[in-house]
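These are the residues of each chain, in order.
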Amino acid sequence: MSFKTVDLYPCNPATTRGESTKLSAHRDKIVYTNGRTVIIRDLKNPSSVIAHAGHVQTATVARISPTGFYCASGDISGTVRIWDIAGEDQSLKAEYKVISGRIKDLAWDGESKRIIAVGDGRDKFGHAFMMDSGSSTGEIIGHSKVVNAVAIRHQRPFRAATAGDDSTIVFHHGVPFKYDKAIKTHTKFVQDIKYASSGDHFASVGSDAKIFIYDGKTGETRGEIKDSPHSGTINAVSWSPDNKSLVTSAADRTVKLWDAESKKAITAWTVGSTIESQQVGNVWTDGDDIVSLSMSGDVNVFDKRLGDKPARVLKGPSKAITAAVPTQGTGTFIAGVADGRLLSFENSGYEYISGEGHKSLVSGLGVASDGRLYSAAYDDVLREISPESSSFVQASYSAEGQPRSLAIAGDSTVFLAESDRVEAIRSNQKVHELKPKYAPTTVAASGSVVAIGGEDQKVHLHDWDGKALKEVAVLENNKGSISALAFSPDGSLLVAGDSSGKVVLYDVKNRKMITGRWSFHSGRILSLAWTADGQHVASSALDTHVYVWSVKFPLRNISIKNAAAGGVNAVFWLDGATLAGAGADGCVRTWEIAFHA
């Protein structure tokens, strides 16, 4: 057995309310961060995605060098990693601890040799260094508060401008970079600053909703754009590839296009009407796509010729995927996210499940035999999803406790495992409740057989007659609290994963263990999934690995190591040989599996 990596469906950027989120671009690729992961995705070629999970701490900003060979990314601990994007293995070129706190922005010089990183440090707010040796190439001084943004002129003589929460822009001469003057045009926090690619001008935006343009060589103020201004904090500014226009994204939910010469507004787009529609970041790609980021994580792609709405919106999870199930279609699935949202995936893109959904982490998803979908979440609610309209059904069921797991029997009864009970629900009505002596952790069902895993390290098999659960057997071969259960498609086999990383295969009819030697995981088993023929089962765990086990050859397996940063929360089969894994990083990866003959 072997595997081949096929596709990567990326997460969307992580955002924080009231903060500017830094996006960047290189040619048609946009670069952003989510958790510890840096994502590089091509807007013209959706299948071209790079996910780099080298940071130990949460990554905050990433930018590709002008040459296109390296990416520099910073995190909340003040570490900058410089890694290769030309090769397949994303090998690390260098790693430097540059400031003592969060890095909020960084910039490359035009020769791809020097980097300035800025942010929140105890002794200094920025550092200029050589990318290959880490040696200092000047000092970034003049600020008294957090520095939010930095921009470097790409032509000689080099210049650098930094912008901070002290309402000040500091202009530096280089190289080595040294303080030249402080520019006090803004009256509130300065959120973003960008040089035009020609180096003739740079622009700044801030919480005072003002936009200023400056001379690129001297730092002198060239003027303010006052025509039809924004009514809220401007979080980001970007220059067009031809240096003639500017685009700004603001908390007033608008994206505006300006003529830099006349300082007049050309176009204004309004994105949505909710707080989630506040615009927190933007970038203008070399391919002339204007990209603006909503606080919800949606990536809005604008065409400057279309003046009413985004040309397209790239949707996706912006937090960890906590549950996922395949749906009745080729390569389609539904994913539940840690923020309570559900997304359906088809035709290489995500769409939100519409209607009133969950308000917190989705803990379970299940598909009934009639095709209806059910979801349970930590808001203690069970909801039904209509597959035809991809929307939540209005009626819902409020659980007694917090659902840990969800399973659906052959008669479409939904079972919820909670901390002290198991509830059976049909048509949003409770039909039965079981209060065992042990604490239930997970539940699985096949036909009229229901398996309940507990913190007592045992699997309890029950018969379900449509009215009550009757315990018929206890399986005792696991070594930890049961964390995942799955019946084979015909219901004859059951796999149980536990908190020690062990996966045990049971014969349901004879109620005995077949093999207990599937113990290669080193962390809690998070998900189990059978192939349609019932010959292979995939397991994913907190140790970030995925294994595919064979019922016919129990001593053989396929190991997919380091499948996702932070753990693989869900595995599922898209077809007979295509396995998908959804990770704590919000990305879904697919692999083509070649089984043992």
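Quick note: structure is the one above.
Definitions and cut-offs
Residues numbered from 1 in each chain as written. Predicted model: local features only at pLDDT ≥ 70, side-chain atom pairs only at ≥ 80, totals over all residues. Heavy atoms only, no water. Helix = DSSP H or I, 4+ residues; strand = E, 2+ residues; numbered from the N terminus. Buried < 20%, exposed > 50% of the residue type's maximum accessible area, 1.4 Å probe, protein only. Lys, Arg positive; Asp, Glu negative; His and termini not counted. Salt bridge = Lys/Arg side-chain N within 4 Å of Asp/Glu carboxyl O. Contact = heavy atoms within 4.5 Å. Pairing = 2+ DSSP bridges. Axes fitted to C-alpha atoms, helices over the stretch in contact; angles between N-to-C directions.

## Structural notes on the side chain of Asp507
Mapping Asp507 onto the fold places it in strand β47 (residues 503–507). The buried charged residue Asp507 lacks any salt bridge, with Lys512 as its nearest oppositely charged partner at 5.8 Å. Those residues in contact with Asp507 that sit more than four places away from it in its chain are Ser492, Leu493, Lys512 and Ile514.

## Focus on the sheet that holds strand β17 (residues 190–195)
The strand order across the open sheet formed by four strands is β17-β18-β19-β20, and the pairing between neighbours is antiparallel. Unpaired on one side and paired on the other, β17 and β20 (221–225) mark the two borders of the sheet. Adjacent strand axes in the sheet meet at a mean angle of 20° when their direction is disregarded. Taken together, the four bridges between strand β19 (residues 211–215) and β20 define a ladder with antiparallel strand orientation.

## Some remarks on the pairing of strand β38 (residues 414–417)
A two-sided burial pattern is seen for β38, the buried positions comprising Val414 and Leu416 on one face and Phe415 and Ala417 on the other. Bridge analysis of strand β37 (residues 405–408) against β38 gives four bridges, and the strand direction is antiparallel. Counterpart to Leu406 in the pairing with β38 is Leu416. Two strands pair when backbone bridges link them, and β38 and strand β39 (residues 422–426) are joined in this way by four bridges, in the antiparallel orientation. Paired with Phe415 across the two strands is Ala424, which belongs to β39.

## Here we look at unusual backbone geometry
The omega torsion across Arg156 and Pro157 is 0°, close enough to zero to call that bond cis. On the secondary structure map, Pro157 appears in the loop between β13 (147–152) and β14 (159–164). Backbone torsion omega between Val175 and Pro176 reads -5°, so that peptide bond is classified as cis. With respect to the helices, strands and loops of the structure, Pro176 is situated in the loop between β15 (169–173) and β16 (178–183). Its identity as a non-glycine residue notwithstanding, Ser167 has a phi of 60°, on the positive side. Along the chain, Ser167 falls in the loop between β14 and β15. Backbone geometry places Asp288, a non-glycine residue, at a positive phi of 70°. Structurally, Asp288 can be placed in the loop between β25 (279–284) and β26 (290–294). When its relative accessible area of 30% is taken as the criterion, Asp288 is described as partly exposed.

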